[in-house]
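Residue-level structure breakdown
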Amino acid sequence: MSKLVGFIGTGSMGRTLVEALIRSEALRPSEILISNRTRSKAQALAESHPGIRIAESNAELVREADWVFLCIKPRDYREVLDEIGIWAGKDQMMISITSPVMIRDLEAVLPSKIAKIIPSITHAVLDGTCLFIPGSRLTLQDREELLRLLSAIGTPLEIDERHCRVASDLASCGPAFLAHFLEQLARTAGEVTGLPRETAIPLVIQMARGTARMLTEGGFSLESLQERVAVPGGITQEGLNLLEREFDPVLNRLFRLTHAKFAEDVEKVRQSLHEAESKG
Ligand SMILES: NC(=O)c1ccc[n+]([C@@H]2O[C@H](COP(=O)([O-])OP(=O)(O)OC[C@H]3O[C@@H](n4cnc5c(N)ncnc54)[C@H](OP(=O)(O)O)[C@@H]3O)[C@@H](O)[C@H]2O)c1
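Residues numbered from 1 in each chain as written. Predicted model: local features only at pLDDT ≥ 70, side-chain atom pairs only at ≥ 80, totals over all residues. Heavy atoms only, no water.

1. Focus: the site of the ligand
Near the ligand lie 22 residues; those nearest to it are M13, N36, R37, T38 and K41. A distance of 3.2 Å separates an oxygen atom of the ligand from a polar side-chain atom of K73. Note that an oxygen atom of the ligand is positioned 3.0 Å from one of the side-chain N or O atoms of T98. Those elements that provide at least two residues to the shell around the ligand are α1 (12–23) and α4 (77–84). Here the shell around the ligand is built from residues that sort into 8 nonpolar, 9 polar and 5 charged. (Near = heavy atom within 4 Å. Polar contact = N/O pair within 3.5 Å; in protein donor to acceptor, adjacent residues only side chain to side chain. Helix = DSSP H or I, 4+ residues; strand = E, 2+ residues; numbered from the N terminus. Nonpolar A, V, L, I, M, F, W, Y, C, P; charged D, E, K, R; others polar.)

2. A look at the UniProt feature "domain: Pyrroline-5-carboxylate reductase dimerisation" (unreviewed entry) in the chain
As annotated by UniProt and renumbered to match this structure, "domain: Pyrroline-5-carboxylate reductase dimerisation" (unreviewed entry) occupies residues 161–261. Between the first and last C-alpha atoms of residues 161–261 the distance is 16 Å; the span itself is 82% helix and 0% strand. (UniProt positions renumbered as here; feature names shortened; annotations may be inferred.)

3. With respect to helix α2 (residues 39–48)
It helps to recall that an α-helix has 3.6 residues per turn; residues three or four apart then point in one direction. What α2 keeps buried is the set A42, L45 and A46. Along the long axis of α2, the arc covered by the buried residues comes to 100°, so they all point the same way. On its buried face, α2 sits against α1, β2 (32–35) and β3 (53–54). (Buried < 20%, exposed > 50% of the residue type's maximum accessible area, 1.4 Å probe, protein only. Arc of directions from axis to C-beta. Contact = heavy atoms within 4.5 Å.)

4. Focus on the pattern of salt bridges
Taken as a whole and judged by the stated rule, the model has 18 salt bridges. Here K3 ties to E145 by a salt bridge, and the two come within 3.2 Å at their closest N and O atoms. With K3 in the segment before β1 (5–8) and E145 in helix α6 (residues 140–151), the pair connects residues that are 142 residues apart, well separated along the chain. Of the residues examined, E145 reaches a relative accessible area of 18% and is grouped as buried. (Salt bridge = Lys/Arg side-chain N within 4 Å of Asp/Glu carboxyl O.)

5. Description of the UniProt feature "binding site: NADP(+)" (unreviewed entry) in the chain
This chain's UniProt record puts "binding site: NADP(+)" (unreviewed entry) on I8, G9, T10, G11, S12 and M13. You can see G9 is positioned in the loop between β1 and α1. For G9, a relative accessible area of 5% puts it in the buried group. What G9 contacts, discounting residues up to four positions off in sequence, is G14, S35, N36, C71 and I72. Assignment of secondary structure puts T10 in the loop between β1 and α1. Residue class for T10 comes out buried when judged on its relative accessible area of 3%. Each residue touching T10, except ones within four places of it in the same chain, is listed here: R15, I34, S35, N36, K41, A42 and L45.

6. Some points on the packing of aromatic side chains
This model, assessed by the stated rule, comprises 2 aromatic pairs. With a centroid separation of 4.9 Å and 5° between ring planes, the pair formed by F7 and F69 is classed as stacked. Taken as a pair, F7 in strand β1 and F69 in strand β4 (residues 67–70) lie far apart in primary sequence, 62 residues in all. Accessibility expressed as a relative area gives 1% for F69, which makes it buried. Note on F181 and F247: the rings are 5.6 Å apart at their centroids and 40° apart in plane angle, and the pair reads as tilted. Highlighted residues: F181 in helix α8 (residues 174–193) and F247 in helix α11 (residues 235–279), separated in sequence by 66 residues. A relative accessible area of 29% means that F247 is categorised as partly exposed. Looking at R63, its charged tip hangs above the ring of W87, at a distance of 4.5 Å from the centre. (Phe/Tyr/Trp six-rings, centres within 6.5 Å; stacked < 30°, edge-to-face > 60°. Lys NZ or Arg CZ within 6 Å of the ring centre and 35° of its normal.)

This is the structure in structure tokens:
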């Protein structure tokens, strides 16, 4: 790629993105410029991938990079935007990875082209879905180039911003939810029956891997897989009936909870960005 790509924030997701893009050979280390509030974290990443450069500041990174990934938490946007705002150009693309920071709010404070992506930890193994929401200033070429980059580390999926939270719950929080479910499955199996943890954990992990393959390569849908395993009147069907009764209300509460927290975060971010705007 003939672009210099900057990453502000090399925490969990910033680092995952940088490493996945290098591993997939979508970017060479020499095409990457990074900055992080705690410099030692950026240094550790640069040392693992010789060729990555560390910018002296976020402002310097924005002065140099063609594209800038903003891999920071919602509460840090105001400070970063204050630093980079005057250097951001209209031909530059700023790519936010933070769901409660709305595209229209970024377009109000930056002259640049804005996109939002919601990556997934599964990009570490070059898999999973990367949600993509284009801002109003992206050209067709910008979209194609960004989608090409994202395709190297997973499957990009364009969505409407109003579905960003629920799609993030599935694609991005999902790995943690699924890992939690598997962990609970193994733990409670042990508590109820005495099955040793060292037996239960590989059982659930290998079961999950096999199930994912059946669904992606084995020609099964979620419904047909359940039907195939749960013969009428059998043990699996009894288990599925219980899960449907008891588990659905929990999932219902889960989505209500993530959306309530999201609405709070959107409002907090919006207030902080508009305060910054009125000061500027
Ligand atoms: N983790 C995921 O699976 C995931 C998935 C999709 C989207 N996201 C989104 O990604 C964003 C980052 O999440 P994360 O899990 O990567 O958080 P994180 O591990 O806390 O990383 C955030 C990084 O931003 C740095 N930072 C904060 N203020 C900065 C500033 N002024 N200048 C430069 N760097 C600054 C922090 O530096 P320090 O080292 O000083 O703390 C930290 O390394 C969040 O908005 C999250 O919602 C995360």
